[in-house]
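# Structural overview for review
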Amino acid sequence: MSPGADPRSVVARIGELEAAARTALSRRVVDYVAGGAGEEIALGEAVDAWRRYRFAPHALRDVTGVDAGVDLFGRHFPSPVGVAPVGYARLLHPDGESALAAGAGDHLFVLSARSDAAVADVAAARGTAPWWYQVYVTADRAVGEGEAARAVAAGATALVLTADTPYVAAKARQGRLRTVAPGADQAPATLADLRRLTGHGLPVLVKGVLRGDDARRFLDAGAAGLVVSNHGGRQLDRTVATADALPEVVAAAGRAPVLVDGGLRSGHDVLVALALGAAAVLTGRPPAWALAAGGGPGVDALLTAWSAEVAHVLGLAGCRTPADVTPDLVRRG
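Residues numbered from 1 in each chain as written. Predicted model: local features only at pLDDT ≥ 70, side-chain atom pairs only at ≥ 80, totals over all residues. Heavy atoms only, no water.

Our focus in this paragraph is the pairing of strand β8 (residues 204–209). Here is the key point about a regular strand: its side chains alternate between the two faces of the sheet. With 6 of 6 residues buried, β8 lies mostly within the body of the structure. Looking at chain direction, strand β7 (residues 158–162) and β8 are connected through 4 bridges and run parallel. Paired with Thr162 across the bridge in β8 is Lys207. Summarising the sheet, β8 and strand β9 (residues 225–228) pair through 4 bridges and their orientation is parallel. Bridge pairing in β9 links Val209 to Val228. With helix α8 (residues 212–220) bridging β8 and its parallel neighbour β9, the resulting β-α-β unit is right-handed. (Buried < 20%, exposed > 50% of the residue type's maximum accessible area, 1.4 Å probe, protein only. Helix = DSSP H or I, 4+ residues; strand = E, 2+ residues; numbered from the N terminus. Pairing = 2+ DSSP bridges. Right-handed = clockwise from strand over helix to strand, strands pointing away.)

See the structure below:
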């Protein structure tokens, strides 16, 4: 077993954290975190989609000094695992997004536009670690632009435009929900506004991409990168699983970095994502459970274990770094 590897899998850890969180939280909050849209078909398929892939590892390769670190937009992160936007985190823990941001440590962290905490407080919790900010397109464009401007002023190093929420989908577990992001504009104008707001100095990624033609459209409009996502199964139900959408988007993206979220629960899942072309992955529900169960230290412990498991499986696959992972490492099971 490689140094630092833990025989207790990340899957088992997440299960324990979820069980503890479900005990600590009200049923309403549990349903908010765990629930999906429609019949929850997309939600149910997300995890299994990654598990359909099988590895064809390299043999007799030197895997001393495995390093799971990745570079994105000029910043270094200790592993490909980052924290996706988690809204209304004070429902999960009194310190909310500040605790989540602190617990993420040096890992990639994307602050939700639906944060309960002030952006300045979250920025302080991050210290010198980079962080990104999620942006929604609203009917009154000035609202979203104002939020983005405050995040940029507070030190956000990238903006993530969430493009799959023209309005919030109905969720049976949560009852009827109000619309929060109506009237989404077309990609060119929206991206141009955000790039102008940042002085063209910060990358703007588009999140919620499941098609190659959309990927090309967003990149042509000025996006610096893409996030393959179906919003955790919380928007249009029966959308394609992100594990299945990823190769098409990567092929269309060319050299632009593509991240992916949705259903990732282990180092093995991350290895599949890397083989399918992802530059990094984002995870939402597992850190949410960790925050509810153990605050910032719980989030830190989860991400530390997850990063160690990524390094462990990289070595077993004959790869020293994520850059060594190529598409021929996986087969569709």
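This part is about the packing of α8 against helix α9 (residues 242–253). Where α8 meets α9, the axes come as close as 8 Å, and the angle between the chain directions of the two elements is 35°. Where α8 crosses over α9, the two elements pack in a sense that is right-handed. On α9, the residues touching Gly212, Ala215, Arg216 and Leu219 of α8 are Glu248, Val249, Ala252 and Ala253. Looking at the contact of α8 with α9, its residues break down into 5 nonpolar, 1 polar and 2 charged. (Axes fitted to C-alpha atoms, helices over the stretch in contact; angles between N-to-C directions. Left-handed = near helix turned anticlockwise from the far one by under 90°. Contact = heavy atoms within 4.5 Å. Nonpolar A, V, L, I, M, F, W, Y, C, P; charged D, E, K, R; others polar.)

Most of strand β6 (residues 132–136) sits out of view: 5 of its 5 residues are buried. Neither face of β6 is left uncovered, since the one carrying Trp132, Gln134 and Tyr136 and the one carrying Tyr133 and Val135 both have all their residues buried. By the bridge criterion, 2 bridges tie strand β5 (residues 110–111) to β6 in an arrangement that is parallel. Within the sheet, the bridge partner assigned to Leu111 lies in β6 and is Tyr133. Read from β5 through helix α5 (residues 119–126) to β6, the crossover connection turns out right-handed. Where β6 lies against β7, 5 bridges are found, and the strand directions are parallel. Its bridge partner lying in β7, Trp132 is registered against Ala158.

For Pro257, the position within the fold is in the loop between α9 and β10 (258–261). Along the sequence, Pro257 and Ser307 sit 50 residues apart, while their C-alpha atoms lie 20 Å from each other. With sequence-adjacent residues up to four places away left out, Pro257 is seen in contact with Leu72, Phe73, Ala224, Gly225, Leu226 and Ala279.

Here the focus is helix α1 (residues 10–24). A turn of α-helix holds 3.6 residues, and therefore any two residues three or four places apart point the same way. With 15 residues, α1 extends 21 Å between its outermost C-alpha atoms, agreeing within 8% with the 21 Å of an ideal straight helix rising 1.5 Å per residue. If you check which residues of α1 are buried, you get Val10, Arg13, Ile14, Leu17 and Ala21. Viewed end-on, α1 has its buried residues packed into an arc of 95°, placing them on one side of the element. Elements that come into contact with the buried residues of α1 comprise α11 (285–316). (Expected span 1.5 Å × (residues − 1). Arc of directions from axis to C-beta.)

The strand order across the open sheet built from 8 strands is β4-β11-β10-β9-β8-β7-β6-β5, with neighbouring strands paired in parallel fashion. With partners counted over all chains shown, the strands left at the sheet margins are β4 (81–83) and β5, one partner each. The strands touched by α9 are β8, β9 and β10; relative to β10, the strand with the most contacts, the crossing angle is about 170°.

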